[in-house]
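# Summary of the model geometry
Residues per chain are reported as follows:
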Amino acid sequence: MLCTCPKPHASLLPQAPGRVDSVPMNVLIVEDNKPVSLLISRVIEEAGHTYFIAADGEVALRMFSQRQIDLVIVDVELPGIDGYQVAREIRNTSALLPV
């Protein structure tokens with residue numbers, strides 16, 4: 001069951017360390033559970049950032065290689081390539097990227 005909650009005030013939304021409010025991030029959400037990915041994307045969008053959703057590890061790695069991504073939120077239990085492997089492969093190419 002999906003809970004509809006009131007919109008949080010913008011000052012309560014998470015901010016990335018060292019980021020200024022006016023600098024939007026590109027966030028890759030890697031989640032195979034659609035209600036969960038929609039909830040995460042809503043929070044990211046309300047914080048003023050852009051998001052991309054991948055439902056499995058293979059798509060996530062392809063999207064990561066094709067876009068400028070600033071932050072990756074990844075589920076560990078994914079079909080095909082699991083979240084741990086996705087994180088390892090991203091870290092191999094971008095060691096400082098928050099995953």
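Every chain's residues receive numbers from 1 upward, in the order its sequence appears when written. Local features are withheld for residues below a pLDDT of 70 in this predicted model, meaning they are given only at 70 or higher, and side-chain atom pairs are given and counted only at 80 or more; totals for whole chains, interfaces and linings count all residues. Values shown for side chains rest on all heavy atoms present in the structure; no hydrogens or waters enter the calculation.

The next thing to look at is the overall build of the protein chain. When helices and strands are counted, the protein chain shows three helices and three strands. In DSSP terms, a helix is any run of H or I states spanning at least four residues, a strand is any run of E spanning at least two, and both are numbered starting from the N terminus. Counting from the amino terminus, helix and strand elements in the protein chain follow one another as β-α-β-α-β-α. Exposed residues in this analysis have more than 50% of their type's maximum accessible area, buried residues have under 20%, and partly exposed residues fall in between, with area computed by a 1.4 Å probe over protein chains only. For the protein chain, with 99 residues in total, the buried portion stands at 29%. Within the protein chain, contacts between residues separated by at least 24 positions form 62% of all contacts whose residues are at least 6 apart in sequence. For the protein chain, the exposed surface amounts to about 6,500 Å²; the carbon and sulfur share of it is 57%. Contacts are residue-level and defined by heavy atoms, with any inter-residue pair within 4.5 Å sufficient. Residue burial considers only the protein chains on display, and all accessible areas are found by Shrake-Rupley using a 1.4 Å probe.

In this section: the environment of Val86. With respect to the helices and strands, Val86 occurs in helix α3 (residues 83-93). The class for Val86 is buried, based on a relative accessible area of 0%. Distance in space between the C-alpha atoms of Val86 and Glu58 is 8.1 Å, their sequence separation being 28 residues. Once residues lying within four places of it in the same chain are set aside, the contact partners of Val86 are Gly57, Ala60, Leu61, Val74, Leu78 and Ile81.

On to the pairing of strand β1 (residues 26-30). Among the five residues that make up β1, four are buried, leaving the element largely enclosed by the rest of the structure. Strand pairing is assigned whenever DSSP identifies at least 2 bridges connecting the two strands. Pairing between β1 and strand β2 (residues 50-54): five bridges, direction parallel. Note on β2: the bridge partner recorded for Val30 is Ala54. Bridging between β1 and strand β3 (residues 71-74) involves four bridges; their strand directions are parallel. Counted as the bridge partner of Val30 is Val74 from β3.

As a further point, take the side chain of Ser41. Looking at the element boundaries, Ser41 is found in helix α1 (residues 34-46). For Ser41, a relative accessible area of 3% puts it in the buried group. Discounting chain neighbours no more than four positions away, the residues touching Ser41 are Ile29, Tyr51 and Ile53.

In this section: the sheet that holds β3. Strand order in the open sheet formed by three strands is β2-β1-β3, with parallel pairing between adjacent strands. The open sheet terminates on both sides in strands that have one partner only, identified here as β2 and β3. Sheet twist, expressed as the average angle between the axes of neighbouring strands with direction ignored, equals 20 degrees. Helix axes use the C-alpha atoms of the stretch in contact, all axes being lines fitted to C-alpha atoms, and the angles between their N-to-C directions lie in the range 0 to 180 degrees. Packed on one face of the sheet, helix α2 (residues 57-66) meets β1, β2 and β3 and runs near 145 degrees to β2.

Each patch is assembled from residues with relative accessible area greater than 30% and no salt bridge, linking like charges that lie within 9 Å and nonpolar side chains (Val, Leu, Ile, Met, Phe, Trp, Tyr) that lie within 5 Å. A pairing counts as a salt bridge when a side-chain nitrogen of Lys or Arg comes within 4 Å of a carboxyl oxygen of Asp or Glu. Together, Leu38, Tyr51 and Ile53 make up an exposed nonpolar region whose accessible area comes to about 240 Å². Judged by its relative accessible area of 33%, Ile53 is partly exposed.

Look at α2 against α3: their axes get within 10 Å of each other, and the N-to-C directions meet at 15 degrees. Compared by their axis directions, α2 and α3 come out roughly parallel. Classified by chirality, the crossing of α3 by α2 is right-handed. Contact residues: Gly57, Ala60, Leu61 and Phe64 in α2; Val86, Glu89, Ile90 and Thr93 in α3. Grouping the constituent residues of the contact of α2 with α3 by class yields five nonpolar, two polar and one charged. Should an angle lie under 35 degrees it is considered roughly parallel, over 145 roughly antiparallel, and from 65 to 115 roughly perpendicular; all remaining angles are considered oblique. Crossing handedness is read from the near helix: turned anticlockwise from the far helix by less than a right angle, it gives a left-handed crossing, and turned clockwise, a right-handed one. In this classification, Asp, Glu, Lys and Arg are treated as charged, Ala, Val, Leu, Ile, Met, Phe, Trp, Tyr, Cys and Pro as nonpolar, and every other residue, Gly included, as polar.

Worth remembering: the numbers are spatial, not functional.
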